[in-house]
Amino acid sequence: MERLSRATASGALTPTGTGIVHLGLGAFHRAHQAVFTEDAIVKGGGDWGIAAVAPRSRAVLDPLLEQDLLYSVLTVDGERVSPRVLGVHTQGLHAASQPEAVERLLADPAVRVVTLTVTEKAYRADAPVMRLLLSGLRARAATQAPIALVSCDNLPSNGRRLRELVTAELGTADFVSFPSTMVDRIVPASTDATYATARNVLGLEDRATVAAEPFSQWVIEDDFPGGRPAWDLAGAILTDDVAPWEGLKLRMLLGAHSALAYLGALAGAPTIDRALELPGMRAAMERFIRTDIAPTLSPPEGLSLQRYGESVLERFANPALRHRTLQVAMDGSQKLPQRLLGTIADRRAAGSVPVYATLVLAAWMRFVRGAADDGTPLPLDDPLADRLRATPSLLELDAVFPPGFADDAELRAQLDSWSRELDRHGVLGTLEALR
Ligand code: CS2
């Protein structure tokens, strides 16, 4: 079968220039920021083509380069598949082997926006991708050409986080802004099944395709000193306060996502939709959302927490996504603070013990021990894996838990009780008893 390329796919967008550097060429970027940006160029114009930088792995970069930087996004919803070929990328670079080329781009005044999807664990000055960003900014200081650095990672106040990191290393840099954003679209890692679907619907071989859910959302703090694409025309919400959106996404959507990942993996569910179908799981998730999470949130104006919660579970139920529980379970030590521990801390401060949130925490602790309920080994893919496995009492780990957790007797008692339940009855028996 012929390969997707500019020769085989007519009509793909050809940007007029490169205005954006994107760091982190994963599945998420290709189905989220790239799509918003292509739509923004089509609707609002501008030389906003994207130079995409793969930090370490060439697994996506090489196929993309072989395909003239074209790839397809397959929007999947039950049985329906809608393909779309994207042409918004103008360059593809490999940070580990081409650092100078990336630095030159970061210093180029024509580039006015940098977007990042580098995952939670890269927000430290010694992460290679951050070192590269910092050296690019040092070079840029010569012209002081305005630029916005846009974190698209699932961290609270992601813009402020990035600002603190950058200014601690470079001092204040007035030519740089750090808008916070909330990004949302479920985009699982591609598998052989995704490549096969692409062949079917495109009639072409696409080794860089991604499948994603229909839902897509981007809420952006509007602070772009060098201008920006017309993302608003592409459906993004430009605002001066991202915080309420971020709380919703981190605690409600991602809290429930991680809950399904750990409880599901322990019970042997390979994917998120299958985890949600386990007996008693949906009811447990509904109560987790309603009784533990919702009271800690102040939603954006006009948005109903109940409807948001329902829509989250509907999205997770999409059987076409086949999002692996083990993929979502990855890097728990980096994810749980913003997804779960804030909810627990807020409920404790209000005087209650969040029963379901504590069950999820107990499930993560059991997951860390490395075996599913039926004894099948479970991988621990986490930057703190060694420490997690070596620590007898995980609550004492201050790299993960805020102060106070370990001394909270009521919380410990609830957690111990769940751990005993899980030991005796597994996830399925525990959920059964909750019904
Ligand atoms: C997932 C997220 O892998 C994970 O941790 O929870 O990638 C999630 O699918 C996206 O943030 C949804 O927008």
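Not measured: the values here are computed from a predicted model.

Draft legend 1. Fine view of the nonpolar core. Of all hydrophobic cores here, the largest spans 73 residues; its most connected members are Met285, Phe288, Phe316, Leu361, Trp364 and Phe401. The element best represented in this core is helix α8 (residues 243-266), accounting for 13 residues. Two domains each provide a minimum of three residues to this core, namely domain 1 (18-240) and domain 2 (244-434). Aside from chain neighbours lying at most four places away, what touches Phe288 is Gly255, Ala256, Ala259, Ile293, Leu340, Tyr356, Ala357 and Val360. Within the second largest apolar cluster, 38 residues are counted, among which are Ala31, Trp48, Ala52 and Phe224.

Draft legend 2. Expanded view of the site of the ligand. Close to the ligand lie Asn154, Asp184, Arg185, Lys249, Leu254, His257, His323, Val328, Lys335 and Arg339, which account for all nearby residues. A distance of 3.0 Å is found between an oxygen atom of the ligand and a backbone nitrogen or oxygen belonging to Arg185. Here the ligand, which alone exposes 340 Å², has 87% of that area covered by the protein. Counting residues per element, the ones that place at least two in the shell around the ligand are α8 and α13 (332-349). The element best represented in the shell around the ligand is α8, accounting for three residues. Two domains each provide a minimum of three residues to the shell around the ligand, namely domain 1 (18-240) and domain 2 (244-434).

Draft legend 3. Up close: the packing of helix α10 (residues 281-293) against helix α14 (residues 355-368). As a packed pair, α10 and α14 sit with axes 8 Å apart at the nearest point and diverge in direction by 120°. With respect to α14, the element α10 is oriented oblique. Contacts between α10 and α14 involve Ala284, Arg287, Phe288, Thr291 and Asp292 from the first element and Val355, Tyr356, Ala357 and Val360 from the second. Its residues assigned to classes, the contact of α10 with α14 comprises six nonpolar, one polar and two charged.

Draft legend 4. Up close: the packing of α10 against α13. The contact between α10 and α13 brings their axes to 10 Å, and the two run at 50°. Classed by the angle they form, the pair α10 and α13 counts as oblique. Of the residues in α13, those touching α10 at Phe288, Thr291, Asp292 and Ile293 are Leu340, Thr343 and Arg347. Of the residues belonging to the contact of α10 with α13, the class tally is three nonpolar, two polar and two charged.

Draft legend 5. Looking closely at helix α7 (residues 192-202). Where α7 is concerned, the buried positions are Thr194, Tyr195 and Ala198. For α7, the buried positions fall inside an angular range of 100° around the axis, keeping them on one side. For α7, exposure combined with an orientation more than 90 degrees from the buried face picks out Asp192 and Asn200. Positioned one or two residues after α7, Gly203 has a phi angle of 70°, which is positive.

Conventions and cut-offs
Residue indices begin from 1 for each chain and proceed along its sequence in written order. Per-residue local features of the predicted model are confined to residues with pLDDT of at least 70, and side-chain atom pairs are confined, for both listing and counting, to 80 or more; whole-chain, interface and lining totals are unaffected and use all residues. Water and hydrogen atoms play no part in the side-chain values, which are based on all heavy atoms of the structure. Nonpolar core, defined: a set of buried Ala, Val, Leu, Ile, Met, Phe, Trp, Tyr and Cys residues in which side-chain atoms within 4.5 Å join the residues together. Relative accessible area decides the class of each residue, using a 1.4 Å probe on protein chains only: under 20% of the type maximum gives buried, over 50% gives exposed, and in between gives partly exposed. Helix and strand definitions here come from DSSP, where helices need a minimum of 4 consecutive H or I residues and strands a minimum of 2 consecutive E residues; each element is numbered from the N-terminal end. Where each domain starts and ends comes from a domain assignment, either automatic or drawn from a database. Residue contacts are defined here by distance: any two heavy atoms, one from each residue, within 4.5 Å place the two residues in contact. We call a residue near a molecule or strand when any one of its heavy atoms sits within 4 Å of it. Counted as a polar contact is a pair of N or O atoms within 3.5 Å, where, for protein atoms, one must be capable of donating a hydrogen and the other of accepting one, and residues adjacent in sequence contribute only when both atoms are in side chains. In short, Shrake-Rupley with a 1.4 Å probe defines the accessible areas, and a residue's cover is counted only from the protein chains shown. To get an axis, fit a line to the C-alpha atoms, keeping to the stretch in contact for a helix; angles then go from 0 to 180 degrees between the N-to-C directions. The cut-offs work like this: below 35 degrees is roughly parallel, past 145 is roughly antiparallel, 65 to 115 is roughly perpendicular, and the gaps in between are oblique. Basically, the charged four are Asp, Glu, Lys and Arg, the nonpolar ten are Ala, Val, Leu, Ile, Met, Phe, Trp, Tyr, Cys and Pro, and anything else, Gly included, counts as polar. An arc is given here, and it is the one of the directions from the helix axis to the C-beta atoms.

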